[in-house]
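Read off the chains here:
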Amino acid sequence: MLVLGIETSCDETGVALYESSAGLLSHTLYSQVDIHADYGGVVPELASRDHVRKTLPLIAEVLADAGVRRNQIEGVAYTSGPGLVGALLVGAAIGRSLAWALEIPAVPVHHMEGHLLAPMLEDDCPEFPFIALLVSGGHTQLVEVSGVGRYRLLGESLDDAAGEAFDKTAKMLGLPYPGGPELARVAAQGDPGRFRFPRPMTDRPGLDFSFSGLKTFALNTMHKELPDHHTLDEQQVMQTRADIARAFEDAVVDTLVIKCRRAVRESGCKRLVLAGGVSANRQLREKIQQTLKREGGRAYYPRPAFCTDNGAMIAYAGWQRLKAGQHEPLRFNAQPRWQLGDLSAVRA
Amino acid sequence: MRLLAIETATEACSAALYINGEISEHYEVAPRQHAQLILPMMEQLLAEAELKLSQLDALAFGRGPGSFTGVRIATGVIQGAAFGAQLPVVPISTLAALAQRHYRMQGARRILPAFDARMGELYWAAYEVVADGLVTRVGSEQAATPERVDLPAGEGWQGVGTGWATYSEILTQRMGARLTAIEGGLLCSAQDVAQLAVRRYTAGEAVAAELALPVYLRDQVAKKPA
C-alpha cells in the first residue's frame, strides 16, 4: 500500500511517501524557522499561512522524487493533533480532500504516535514492547509501547517540556532562536565542574518531570555571576555563559537519563526508544546509550531528520492504521489537545 | 461548462454546482462546522447530478477576505481536490460574492459589501453591476477602520454584510444621502462564487491548484519584539 503522509502541526511542513513493502520512497521538509525567528517564537497565524503555501508543492515534490503518479497513492495520512489548531487544519483539509478526489481512504494521525513509531522506519528497529522517551519543545513523556496504538503513559512533565526549557534558557542567555540546539553548542565549551544545577524530582519515586525550576535556577545563576555592573571581560562573560549552559544541559540530560533508567528497571523492558526534537541532543543520546548498555539493554533512535517533526512518521503511522481498516469519514478535524491514551489499539 | 464552487469564509457553509447555466446549491449557517460539512456537501451535489469530480471543468472557492480559518478551510479543500482531480481553480473574492448575492436577491446595482474584520476594522470594497448581471469592483479591496475606508462616488449605494451591522452609525453618517439601504445580516453563498467564477474561467483566469491561495487583506498579524 502506498501512503502519502502530511505533517503540519507546528512550524514545519513535512510530506512523505511510504510504501508497505518498499519502505520509505521519498520525504521532504520545509522549516519555517526563519519566518518565526524575528518574533522569538512560533506565531500560529503565520505558521498556518505558510503551510497553505507549501503543502501542495511539497506533495508534488515527493511524487516527482519517487517517480510516482498521484493516482497511484492508495491512502492519505495527515496529522490531526495535537498541535496548533490552524496549522493542523491546513494539512487535514488538503489531505482529506485529496483522498476524496483520488477516491482512496484517509486517516487522521496522532502526532506523538508518529514520533513513537518513527524508529520503525529504520532497518535496525526495536521489537515491541519498548519504552519510549518523547522529548520535544511541546512534550516530555515516558510511554510504554506494547504495540501500535497500545500506549501507556508512565510519566510526563508537570510544567515545561524539556525542549521548551532549553529554548527559554537559551533566550535568557541571549542565544539566537531557536535556542535549544544553540544552547547545546555553547554548552560544549562549558566547564562541567563550575556550576551544579539540581536534578528535579529525581529524589522521589515516580516518572514525572519538572523543568521550569531549572530555568529559574539558570536565571538566578546568571544574575549572580553576571550582574549589571560586572567587571568581567568579554572572554570571561562568554565562558560564564557556556558554563551555565553546560550546567543546565547536564541537569536536563541527567534527569531524563535517571527517569529512563527507572522506567526500564520498573517495567523490565530493556529496549528504549528516544524520539522528539530534543532526542537529537548528542549528550542525551550518548548517556542514554551508555545507561541502557549497563542495564543489559539498548537504546534506539530514529535518524536525526526523523527525530524532529516530519512527514515520514505520519505516513508510517497512517499506514499502520489504514491497513487495520481504519479511515476517516468524509470530514476532517483538528484535535489540538488529542490525548495519546484516546487512541485505539491496532491488531498485529 | 461544469464547475463546483465552495464558500466557508463566513458563518455560512455552502457548495454549489454549475452545469451549463443551471445552479444547484447546499447552504447551511453553521458556525465552526465547516470542516464537517463541506466535503459531504460537495459529494452530494455531484451524486445528485450523477457526475464525477473528474468530469468537471474547474473548481472555485471564496478566497477571502473573511475568517482566516474559514478561508483556509476552503483553500485547503479546493487545493486537495483540484490537485487530486487535476482541475484548474478559480479563486473568487468573498466581498464580490457577497455583493453578487445582494444583487441576485435585491436587484441592487451599486453595492458596498463589508465584513466585520474585528480589531475595529472592516474588509471593504465597492461593486457595480454593469451589463452582464455580474458585479465588477470599483477601486480596491481594503482592510481599514470605518472612518478610513474609501467611499465610492455617485448615488444609490446599498451596504451589505456584518460590517454594516457593527459600524452602521459611522458608515451611514459618512455615506449620507448616497446610501439607500443596509442589509447587515447577509452572508456569502457558493452559488454566487460559482457565477463569478464562470466569467473568470471563460476569461482564462483559472490557476493551478498550488496557486489557489487565500487573500487575507490583513497581513500584520503579529508584533515583532523591540
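Our structure is the block above this text.
Throughout, a residue's number is its position along its own chain's written sequence, starting from 1. Chains and ligands are labelled by the order in which they are written, letters from A for the one and numbers from 1 for the other. Residue-level local features of this predicted model are given only where pLDDT is at least 70; pairs of side-chain atoms are given and counted only at 80 or more, and the full residue set underlies all totals for whole chains, interfaces and linings. Derived side-chain values reflect all non-hydrogen atoms in the structure, with water molecules and hydrogen atoms excluded from consideration.

Here we look at the sheet that holds strand β9 (residues 271-275) of chain A
The strands that make up a sheet pair up through hydrogen bonds in the backbone, lying either parallel or antiparallel.
Residues and elements named next belong to chain A.
And then number 1: Here, any two strands with at least 2 DSSP bridges between them count as paired. Segments assigned H or I by DSSP are reported as helices when at least four residues long, segments assigned E as strands when at least two residues long, and all are numbered from the N terminus. Overall, mixed pairing links the five strands, which are arranged β8-β7-β6-β9-β10 in an open sheet. The sheet is open, and its two edges are formed by β8 (150-156) and β10 (298-300), each paired on a single side. Each adjacent strand pair in this sheet contributes to an overall mean axis angle of 25°, direction not counted.
And then number 2: Sheet topology note: the strand β6 (residues 130-135)/β9 ladder contains four bridges and is parallel. Among the inter-strand pairings, L134 is bridged to a residue of β9, identified as A275. To obtain each axis, a line is fitted to C-alpha atoms, and for helices this fit is confined to the stretch in contact; angles are then taken between N-to-C directions over 0 to 180 degrees.

Things to note about the pattern of salt bridges
Residue and element names in this part refer to chain A.
And then number 1: Only one rule defines a salt bridge in this text: a Lys or Arg side-chain nitrogen within 4 Å of an Asp or Glu carboxyl oxygen. Applying the stated criterion across every chain yields a total of 30 salt bridges over all chains.
And then number 2: The salt bridge involving D50 is made with K54; its shortest N-O contact spans 3.0 Å. With a gap of four residues between them, D50 and K54 both fall in helix α2 (residues 44-66), about one helical turn apart. Both residues of the pair, D50 and K54, belong to the buried class. The buried label applies to any residue whose accessible area, calculated with a 1.4 Å probe on protein chains only, is under 20% of its type's maximum; exposed applies above 50%, and partly exposed to all values in between.

Some thoughts on the sheet that holds strand β10 (residues 179-183) of chain B
Residue and element names in this part refer to chain B.
And then number 1: Spatial ordering of the open sheet is given by β8-β7-β6-β9-β10, a layout of five strands whose pairing is mixed. The sheet is open, and its two borders are formed by β8 (135-144) and β10, each paired with just one other strand. Sheet twist, expressed as the mean angle between neighbouring strand axes with direction ignored, is 15°.
And then number 2: The pairing of strand β9 (residues 157-160) with β10 spans four bridges and is classified as parallel.

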